[in-house]
There are 2 protein chains.
Amino acid sequence: MNILIVGLGVIGGSYAMALKEAGYNEVYGIDSNLDTLRKAEDLNIIKKGFLAGECNKEAISKADLIILSIYPRLIKAFIEENKSYFKEGTIVTDATGIKGPFVKDICSSLPDGIDFIFGHPMAGREKRGIDYASKEVFKGANYLITVTEINKEENIIFLEDIIYKLGFKNIKKITPEYHDMMISFTSQLPHAIAVALINSDEEGRDTGRFIGDSYRDLTRIANINEDLWSELFFGNKDNLLEVIEHFLNEMSKIKSALIEENEDELKSLFIKSSKRREKL
Amino acid sequence: MNILIVGLGVIGGSYAMALKEAGYNEVYGIDSNLDTLRKAEDLNIIKKGFLAGECNKEAISKADLIILSIYPRLIKAFIEENKSYFKEGTIVTDATGIKGPFVKDICSSLPDGIDFIFGHPMAGREKRGIDYASKEVFKGANYLITVTEINKEENIIFLEDIIYKLGFKNIKKITPEYHDMMISFTSQLPHAIAVALINSDEEGRDTGRFIGDSYRDLTRIANINEDLWSELFFGNKDNLLEVIEHFLNEMSKIKSALIEENEDELKSLFIKSSKRREKL
C-alpha cells in the first residue's frame, strides 16, 4: 500500500514514524520545507520526499491513502489544486482539531471517487516541527472519526485497522457537530485556561522557584502554536464560548464558597471533582 | 542523627523513603494508623513506629529533627500536647502548604530551645496514604523555607543540607507572607481551576473517549483531598481570591477576543503565554 503524508510537522512526522514501526514501507511525504524532507528521508521514515507546490502529481496519483497533517485552512486549497491527480478510490484523511463547518466545506469540493474520512488523533505535542515528532505520542491515545454520508463502510474499517496498528487505543465514531461540541470542552477550553493561567502571573517574579507539578502540568499547553490554535478557536467559537461559560460558572461556585466561608460547599465541590477524575 | 516523622501519609512516607535512600538510618515514625506503621516498618523505612496519642515521649524526647507531615490544623495541638517532651535544641519542620497566620500561631506556643523551621516541599501526589509515597517525588523539586526571627542560621544550614540530600533541587528562603502570596498563584489557583474544569463537564457524557493529554494534565489535581485542601484554601483566602480575579480577567480577554473575532489579540495572548512557558 502506498501512503502519502502531506505535512511532516510534529503530527505528520509522528504518523511517518508510527507507520514505519507498524511495518508500512511505501510511505511518501510532501512538505514545504526542504530540510524537513531531508530529515524525514535521513530518518528513513519516508521513502521519498516531495517539495510542496512543485508538481506533486507523481506522489498524489500513486497514493492509496493520503494523510493530510497541514493547517486546517490549507486543506481545501490542497484538494482544489490537486484534485485532478487523485487516483480513483483513494482514501484521504486528516488530523484537524475541528470538524463542523470544515467538513461541509471540504466535501463540497471533493472529486468523485475520493473517500475523505475525517479523523482526529487526540494526541499532540506543544512543540512544532518534525524534531518533536515521536511514534510514542499515539500509544494508548483516543482517535475520533467524524463519519459523513459519503464514507464507505469498507474504507472506514480499512482506516480503523491502520489506526489501531499505529498504537491508538480507542476509536470513537461521531458526527462532526458532536465532535466539535466535545472537543471545545476537552481540548480548546483547557488550552484557553492554560493560557489565561500563565498570563495572569505578575511580570518579573521568580515564579519558577515556587512551582510544583500542578502549575507545571496546568501550563504545559500554554506553549501554543498561535496560528493553528487561533484557527481552532475561531472555527469552534460558539461551542467554545459555551463551555467557557460553564467553566466560569464553576469558578464562581468556588469563589462564593470562599467568600462565604462555606466549608461544606467547598468540600462538596472537591468531592465531586475527585469522583469525576477517579472515573476518567 | 535521630529523625522522627510525624504522619506517615503520602508526604511523610515519601520523606521516610528519601531519608533511607540518603543514608539516614535512625528514622522513627508516629502515625494514628497501626497498618501504616506496620507497612513503614515492613518497608524498612522507619526503625520503629509509634501509635499517635499513646505516650510518644520516648520517640519525641530522642529526636534531633522532627518532621511534621500532618494536617495543618493538627500541628498546634501536637506541639501543645508534647512540648514538655522535646529535647533542648531539637529542630522541628513541617510540610504545610500555607504559612502566614499558621506560622504566627505556632510560634506563640513553641517551648524555648526548640527551633521550628517552617518548610514546604513543592511536591506531592494527588492520592493520599503511604501506599502512594515515593522517594522519587522530591527529585528535582522546589523547596521553600519561610524564615522567622527565632530560626538559628546554623539550623537552617543543617536542614538545607538534608533537603538537598533528599533530592530537592532549589531552596528558596522567603517570608511567610510572600510564600502565601506566591503559593496562592502556583498551587491553590491551579487546584481551583482543575476542580472547576472537571465539574463543568455535563453529567453522563462519555468524555473519557474524547480526551488527549491536555485534559488529562489539567484535571489530574482535580482528584483532591477535600479536608486538606479546604484548610489550605480558607487559610489563604484573601490571596487566593485575588489571583482568581487576575485569572478571570485573563479568561475575559480570551472571551472578548473570541466574541469580537479579534485574531490579532488572540494570537498576542498565545504568543505571550508561549514565551512565559518557554521561560519557565
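Residues numbered from 1 in each chain as written. Chains lettered and ligands numbered in written order. Predicted model: local features only at pLDDT ≥ 70, side-chain atom pairs only at ≥ 80, totals over all residues. Heavy atoms only, no water.

## Details of the nonpolar core
Here comes step 1: With 66 residues, the main nonpolar core has A:Leu189, A:Phe247, B:Leu189 and B:Phe247 as its most contacted residues.
Here comes step 2: Each residue touching A:Leu189, except ones within four places of it in the same chain, is listed here: A:Ser184, A:Leu240, A:Val243, A:Ile244, A:Phe247, B:Leu197, B:Ser200 and B:Met251. (Core = buried A, V, L, I, M, F, W, Y, C linked by side-chain atoms within 4.5 Å. Buried < 20%, exposed > 50% of the residue type's maximum accessible area, 1.4 Å probe, protein only. Contact = heavy atoms within 4.5 Å.)

## What about the relation of the copies chain A and chain B?
Here comes step 1: Note on the identical chains: chain A maps onto chain B by a rotation of 180° and an axial translation of 0.0 Å, with an RMSD of 0.0 Å. Such a combination of rotation and displacement between the chain copies is what one expects of a two-fold axis.
Here comes step 2: Most of the interface of chain A is mirrored in chain B, where 100% of its interface residues are also at the interface. (Least-squares fit on C-alpha atoms with pLDDT ≥ 70 in both.)

## Thoughts on the packing of helix α7 (residues 176-199) of chain A against helix α11 (residues 263-279) of chain B
Here comes step 1: Two numbers describe how α7(A) lies on α11(B): the axes approach to 9 Å, and their chain directions differ by 65°. With respect to their mutual orientation, α7(A) and α11(B) come out roughly perpendicular. Like other packed secondary-structure pairs, α7(A) and α11(B) cross with a definite hand, here left-handed. Every residue of α11(B) that contacts α7(A) at A:Val195, A:Ile198 and A:Asn199 is listed here: B:Leu269, B:Phe270, B:Lys272, B:Ser273, B:Arg276 and B:Arg277. (Axes fitted to C-alpha atoms, helices over the stretch in contact; angles between N-to-C directions. Helix = DSSP H or I, 4+ residues; strand = E, 2+ residues; numbered from the N terminus. Parallel < 35°, antiparallel > 145°, perpendicular 65-115°, else oblique. Left-handed = near helix turned anticlockwise from the far one by under 90°.)

## With respect to the pairing of strand β1 (residues 3-6) of chain B
Within a regular strand, side chains alternate between the sheet's two faces.
All names here are of chain B.
Here comes step 1: Neither face of β1 is exposed, since Ile-3 and Ile-5 on one face and Leu-4 and Val-6 on the opposite face are all buried.
Here comes step 2: As paired elements, β1 and strand β2 (residues 27-31) share four bridges and run parallel to each other. Residue pairing in the sheet places Ile-3 in a bridge with Val-27 of β2.
Here comes step 3: In this fold, the crossover linking β1 to β2 by way of helix α1 (residues 10-21) has right-handed handedness.
Here comes step 4: The sheet contact formed by β1 and strand β4 (residues 65-68) spans four bridges and is parallel. (Pairing = 2+ DSSP bridges. Right-handed = clockwise from strand over helix to strand, strands pointing away.)

## Notes on the packing of aromatic side chains
Here comes step 1: Using the criterion set out here, one finds 21 aromatic pairs over all chains in the structure.
Here comes step 2: Summarising the aromatic geometry, the rings of B:Tyr15 and B:Phe138 are spaced 4.9 Å apart at their centres and angled 50° between planes, so their arrangement reads as tilted. Of the two residues, B:Tyr15 is situated in helix α1 and B:Phe138 in the loop between β6 (115-121) and β7 (142-146); the sequence distance between them amounts to 123 residues.
Here comes step 3: Three or more aromatic residues link up through ring pairs in this structure, and these residues are A:Tyr15, A:Phe138, A:Tyr143 and A:Phe168.
Here comes step 4: Its end group placed over the ring of A:Tyr71, A:Arg73 keeps NZ or CZ at 5.0 Å from the ring centre. (Phe/Tyr/Trp six-rings, centres within 6.5 Å; stacked < 30°, edge-to-face > 60°. Lys NZ or Arg CZ within 6 Å of the ring centre and 35° of its normal.)

## What about the domain arrangement of chain A?
Residues and elements named next belong to chain A.
Here comes step 1: Partitioning chain A into structural domains gives domain 1 (3-174) and domain 2 (179-279).
Here comes step 2: Computed from C-alpha coordinates alone, the two centres of domain 1 and domain 2 are separated by 31 Å.
Here comes step 3: Contacts between the two partners involve 16 residues from domain 1, matched on the other side by 16 residues from domain 2.
Here comes step 4: When domain 1 packs against domain 2, the two sides together hide about 1400 Å² of surface, and 56% of this comes from carbon and sulfur.
Here comes step 5: Taken together, domain 1 and domain 2 are joined by one salt bridge.
Here comes step 6: In this structure, Glu-231 engages Arg-73 in a salt bridge whose closest nitrogen and oxygen atoms are separated by 2.8 Å. (Domains from an automatic or database assignment. Buried area = accessible area lost by both parts, 1.4 Å probe. Salt bridge = Lys/Arg side-chain N within 4 Å of Asp/Glu carboxyl O.)

## A few points about the environment of B:Ala59
Residues and elements named next belong to chain B.
Here comes step 1: Take Ala-59: it is sitting in helix α3 (residues 57-62).
Here comes step 2: Ala-59 sits 172 residues away from Glu-231 along the chain, and the two C-alpha atoms are 28 Å apart.
Here comes step 3: Ala-59 has contacts with Leu-4, Ile-30 and Phe-50, leaving out every residue within four places of it along the chain.

## Here's the deal with the sheet that holds β6(B)
Residue and element names in this part refer to chain B.
Here comes step 1: With mixed pairing, eight strands are arranged side by side in an open sheet as β3-β2-β1-β4-β5-β6-β7-β8. The sheet is open, and its two borders are formed by β3 (48-51) and β8 (170-174), each paired with just one other strand. Direction aside, neighbouring strands of the sheet carry axes that sit 25° apart on average.
Here comes step 2: Together, β2 and β3 form the strand contacts of helix α2 (residues 34-42), whose direction differs from that of β3 by roughly 175°.
Here comes step 3: Its contacts with the sheet put helix α4 (residues 72-82) on β1, β2, β4, β5 (91-94) and β6, and the angle it makes with β4 is roughly 145°.

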